[in-house]
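# Reading the structure
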Amino acid sequence: MKLKEQWMKQGFINEPAAEGTDLKAEIRRMCEEKNAIVLAHYYTHGEIQDCADFIGDSLALARKAAETDAKIIVMCGVHFMAETCKILSPEKLVLCPDLNAGCSLADSCKAEDLKKYKEEHPGYQVISYVNTTAAVKALTDVVVTSGNAKKIVDTFPKDAKLIFGPDYNLGSYINSITGRNMLLWQGGCHVHERFSVPEILKLKEAHPKALVLAHPECKGPVLAVADVVGSTAVLLKYATEHPEKDYIVATEAGILHEMQRQCPTTLFYPVPPEVSEGSIGCHCNECDYMKMNSLLKIYNTLKYEWPTVEVDEAIAKEAVKPIERMLELS
């Protein structure tokens, strides 16, 4: 099998760099040479965040990339994030270091299933979390982020018939704080589903003065014991504005890298995943998909300008509409 065919089959380039190669330096050199930018989600490895041009949440990164004159975007996150970059920057070459980097939440809502559900509920409008595929966005009336979901939902009349998906926990939280009764898609993030109240209480007992920061993708009981509930960006902002406090953090542990960078004297305690009695659990709750990104893969994807991410033109045309509506409403 030819080398390129092997790469295409595995979804990333597994070519080793020459001995002694400074991957970060080479990535930055190629970015300058090729007019490329590297975007890194908060949940990627710290060394990737340190090497990136921009770090942040998925939609914010895609919008930032669209504002630049870069010809190439390397999206270090998961596949749907690269799709969003392509939707907002159709003229740019969008690269994804590993096409296998999917998302359990996005995977929980297939376009064909949502289409059928809409047909079964005529008269309902669809509000979709940004953590969805381009095909799902194309079936959506308005997209939301975890940071603006409440604001967007509040723009609808109180009697509006709404479907919220795919994250059940986020939708349930928005229902609880808005008094709505939106129909909720039964999807979830495999990382945030693993947080539990007992693990938080253990950390609270060890660090009684620490505040609990929780992402709204967590289960309701976890959010009930949190001091601050918000998107990754909101949690980061709160911590940086109150660096004198210590924090117990219930979201993907990659965010601690940026939190610690901005608040070097603050103590952050990641909530571990829920484990059964007698088992040995790790100290962090991490997204396996996000961690598929590596410096070597970024180096190779810039070197060969592959793997690329494309979005069907007809789907992209429809998928951009709910994003534009969200921007208008927010």
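Details of the structure are given in the entry above.
Residues numbered from 1 in each chain as written. Predicted model: local features only at pLDDT ≥ 70, side-chain atom pairs only at ≥ 80, totals over all residues. Heavy atoms only, no water.

Now for the overall build of the protein chain. Helix and strand content of the protein chain: 16 helices and 12 strands. Relative to the globule expectation of 20 Å for 330 residues, the C-alpha radius of gyration of the protein chain, 20 Å, shows essentially globular dimensions. Dimensions of the protein chain, computed from the C-alpha atoms along their principal axes, are close to 55 × 50 × 40 Å. In the protein chain, which comprises 330 residues, the share counted as buried stands at 51%. Carbon together with sulfur atoms contributes 51% to the accessible area of the protein chain, which is approximately 15,000 Å² in total. (Helix = DSSP H or I, 4+ residues; strand = E, 2+ residues; numbered from the N terminus. Rg over C-alpha atoms; globule rule 2.2 N^0.38 Å. Buried < 20%, exposed > 50% of the residue type's maximum accessible area, 1.4 Å probe, protein only. Areas by Shrake-Rupley, 256 points an atom, 1.4 Å probe, with all protein chains shown as cover.)

Among all positions in helix H10 (residues 168-178), only Asn169, Leu170, Gly171, Ile174, Asn175 and Thr178 are buried. Residues of H10 that are buried in the fold lie against strand S5 (125-129), helix H9 (149-153), strand S7 (162-165) and strand S8 (183-184). Residue aspartate 167 occupies the N-cap position of H10, its side-chain oxygen lying 3.1 Å from the main-chain nitrogen of asparagine 169. Just past H10, the residue glycine 179 takes up positive phi, approximately 75 degrees. (Contact = heavy atoms within 4.5 Å. Polar contact = N/O pair within 3.5 Å; in protein donor to acceptor, adjacent residues only side chain to side chain.)

It is at 10 Å that the axes of helix H2 (residues 23-34) and helix H15 (residues 295-304) come closest, and there the two elements cross at 30 degrees. As summarised for this structure, H2 and H15 are arranged roughly parallel, according to the angle between their axes. For the element pair H2 and H15, the recorded crossing hand is left-handed. In this structure, H2 uses Leu23, Lys24, Glu26, Ile27, Met30, Cys31 and Lys34 to contact H15, whose residues at the interface are Leu295, Leu296, Ile298, Tyr299, Leu302 and Lys303. For the contact of H2 with H15, the class distribution of residues is 9 nonpolar, no polar and 4 charged. (Axes fitted to C-alpha atoms, helices over the stretch in contact; angles between N-to-C directions. Parallel < 35°, antiparallel > 145°, perpendicular 65-115°, else oblique. Left-handed = near helix turned anticlockwise from the far one by under 90°. Nonpolar A, V, L, I, M, F, W, Y, C, P; charged D, E, K, R; others polar.)

Read across the sheet, 4 strands follow the order S2-S1-S3-S4 without closing on themselves; strand pairing throughout is parallel. Looking along the sheet, the strands with just one partner apiece sit at the ends: strand S2 (54-56) and strand S4 (93-95). If you compare each strand with its neighbour and ignore which way they point, the axes differ by 20 degrees on average. Here 3 bridges tie strand S3 (residues 72-76) to S4, and the two strands are oriented parallel to one another. Among the inter-strand pairings, valine 74 is bridged to a residue of S4, identified as leucine 95. Strands strand S1 (36-41), S2 and S3 of the sheet are contacted by helix H4 (residues 58-67), whose axis makes an angle of about 170 degrees with S1. The strands touched by H15 within the sheet are S1, S3 and S4, with S3 carrying the most contacts at an inclination of about 160 degrees. (Pairing = 2+ DSSP bridges.)

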